[in-house]
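# Examination of the molecular architecture
Chain residues, written in single-letter form:
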Amino acid sequence: MIIVHDILQAKRDIQNVIDTTPILHSRSLSEICGNEMYFKAEHLQKTGSFKIRGATNKVKKMVREKAAYITTASSGNHGQAVSYIATQLGVPATVVAPEDVRDTKRKAIEAYGGKIETFGTTSEERISRAKELAKEKNGVFIPPYNDAFVMAGQGTIGLEILAQLPKANVVVVPIGGGGLIAGILTAIKQSKPNVKVIGVEPEIANDTYLSLKSGEITEVPGSSTIADGLRASKPGFMTYPIIQQYVDDIVLVSEDEIKEAQILVLERMKQLIEPSAAVTVAAAMSGKLGVEGKNIVCVLSGGNVDVR
Ligand SMILES: *Cc1c(COP(=O)(O)O)cnc(C)c1O
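Residues numbered from 1 in each chain as written. Predicted model: local features only at pLDDT ≥ 70, side-chain atom pairs only at ≥ 80, totals over all residues. Heavy atoms only, no water.

## Focus on the overall build of the protein
Scanning the protein from N- to C-terminus turns up 12 helices and 10 strands. On C-alpha atoms alone, the protein measures out to a radius of gyration of 18 Å, which is about the 19 Å that the 2.2 N^0.38 rule sets for 308 residues. With respect to the principal axes defined by its C-alpha atoms, the protein has extents near 55 × 40 × 40 Å. Out of the 308 residues in the protein, the part that is buried amounts to 58%. The long-range share in the protein, meaning contacts at least 24 apart out of those at least 6 apart in sequence, stands at 72%. On the protein, roughly 12900 Å² of surface is accessible, and the fraction owed to carbon and sulfur atoms is 50%. (Helix = DSSP H or I, 4+ residues; strand = E, 2+ residues; numbered from the N terminus. Rg over C-alpha atoms; globule rule 2.2 N^0.38 Å. Buried < 20%, exposed > 50% of the residue type's maximum accessible area, 1.4 Å probe, protein only. Contact = heavy atoms within 4.5 Å. Areas by Shrake-Rupley, 256 points an atom, 1.4 Å probe, with all protein chains shown as cover.)

## Things to note about the site of the ligand
Around the ligand, the surrounding shell holds 17 residues, and the nearest of these are K51, N77, G176, G178 and S301. Contacts to the ligand include K51, whose side-chain N or O atom sits 2.7 Å from an oxygen atom. A distance of 2.8 Å separates an oxygen atom of the ligand from a polar backbone atom of G178. The residue inventory of the shell around the ligand, partitioned by class, reads six nonpolar, nine polar and two charged. (Near = heavy atom within 4 Å. Polar contact = N/O pair within 3.5 Å; in protein donor to acceptor, adjacent residues only side chain to side chain. Nonpolar A, V, L, I, M, F, W, Y, C, P; charged D, E, K, R; others polar.)

## Remarks on the environment of L272
Looking at the element boundaries, L272 is found in the loop between α11 (255–269) and α12 (275–286). Its relative accessible area of 36% is what places L272 among the partly exposed residues. The sequence separation of L272 and V307 amounts to 35 residues, and the corresponding C-alpha distance is 9.5 Å. L272 has contacts with H43, L266, G303, V305 and V307, leaving out every residue within four places of it along the chain.

## Some points on the packing of aromatic side chains
The full count for this structure, using the stated rule, is one aromatic pair. Taking 5.7 Å as the distance between ring centres and 85° as the angle between the ring planes, the aromatic pair formed by Y84 and Y112 counts as edge-to-face. Linking Y84 in helix α4 (residues 77–88) with Y112 in the loop between α5 (103–111) and β5 (115–118), this pair joins segments that are 28 residues apart in sequence. For Y112, a relative accessible area of 26% translates into the label partly exposed. Note that R129 overlies the ring of F119, its terminal NZ or CZ placed 5.7 Å from the centroid. (Phe/Tyr/Trp six-rings, centres within 6.5 Å; stacked < 30°, edge-to-face > 60°. Lys NZ or Arg CZ within 6 Å of the ring centre and 35° of its normal.)

## Describing the pattern of salt bridges
For the structure on display, the rule yields 13 salt bridges. In this structure, the salt-bridge partner of D19 is K46, at a minimum N-O distance of 3.7 Å. One end of the pair, D19, is in the loop between α1 (4–14) and β1 (23–26); the other, K46, is in the loop between β2 (36–41) and α3 (51–64), and 27 residues separate them in sequence. The exposure class assigned to K46 is partly exposed, which follows from its relative accessible area of 25%. Among the salt bridges present, the one from R53 reaches E42, with a minimum N-O distance of 2.7 Å. (Salt bridge = Lys/Arg side-chain N within 4 Å of Asp/Glu carboxyl O.)

## Focus: α11
Taking 1.5 Å of rise per residue, the 15 residues of α11 would be expected to cover 21 Å, and the 21 Å separating its terminal C-alpha atoms lies within 8% of that figure. Restricting attention to buried positions, one finds in α11 the residues E255, I258, A261, Q262, L264, V265 and M269. Structurally, α11 contributes buried residues whose contacts are with β1, α2 (27–33), β2, β8 (196–202), β9 (249–253) and α12. Just beyond α11, the residue with positive phi is K270, at close to 60°. (Expected span 1.5 Å × (residues − 1).)

## Some details on the sheet that holds strand β10 (residues 295–300)
If you walk across this open sheet you meet the six strands as β1-β2-β10-β7-β8-β9, and the pairing is mixed. Two strands lie at the open edges of the sheet, namely β1 and β9, each paired on one side alone. Along the sheet, successive strands turn relative to each other by an average axial angle of 30°, direction set aside. Relative to β10, strand β7 (residues 170–174) runs parallel, the two sharing three bridges. If you follow V172 over to β10, its bridge partner there is C298. (Pairing = 2+ DSSP bridges. Axes fitted to C-alpha atoms, helices over the stretch in contact; angles between N-to-C directions.)

## Considering the sheet that holds β5
Taken in spatial order, the four strands of this open sheet run β5-β4-β3-β6, and their pairing is parallel. Across the chains shown, the open sheet's two edge strands, defined by having one partner strand only, are β5 and β6 (140–141). Across four bridges, strand β4 (residues 93–97) lies against β5 in parallel orientation. The residue bridging T94 from the neighbouring strand is K115, located in β5. Along the sheet, helix α6 (residues 123–136) makes contact with β3 (70–72), β4, β5 and β6, crossing β4 at roughly 155°.

Put into structure tokens, the structure is as follows:
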């Protein structure tokens, strides 16, 4: 478990690296959704997603403890974030990616200063390879969500929302492995519990929804949702209890709803967000949040899209 104190500490430790992103408002989206719609713009964050918050909190802590080498197993937003912060801190980083990694992802990791090693095709294979590499070279593996320091780093978004928009009534958060929502829930429910926090998953990657329903961690393997940041097959054993304790609701959105929301944000707000972020807007547009006339904050978690 983490507590709000850990998130306040994370805020101090990461504030010279991350940007305090703005909260945007859209009149047009507000009319469509029947609520005042606000957007926490983490797609404008360093490295293009919120993942830099948790990665920075964790990597800094490990470097304080004399780690001299960093590995991870994600070639997506977490891999880019780890690559960026390790390089900033002058520590070499290796990102283990699948053998068929896209060239754009490889280039992004390398541009931030990390090295790519390809290994296997499944995430289990990559994780064990990244852990093995870390062990060989006296380094550490940085997990994408199932970690107290990673969750605390992501939770700084919750503190920022409360400070930037005190009239917020509902905060809407995408769920992959659950690190983002676990951090935000801890920040909000331990300081202003009457603010609702609602999680969103794709219908075809509804592992957290099913886990809450059955009361135990439940797996949905191999999802092909367009929201590729939300494909984790199950919530983490550290993220799940926090979600179970605090979350007000979880809603599910279809692939078509996600695509429509992403395009609408581009057309009306001129903001390019990735499908994993668009799930929150899709949920608000669908009416499934079950609120009216409230101040809703959608967490736009990232903007890394291969537009070609
Ligand atoms: C990682 C990610 C998520 C999900 O975060 P979790 O901590 O895995 O729940 C959502 N959106 C984007 C853009 C991401 O990169």
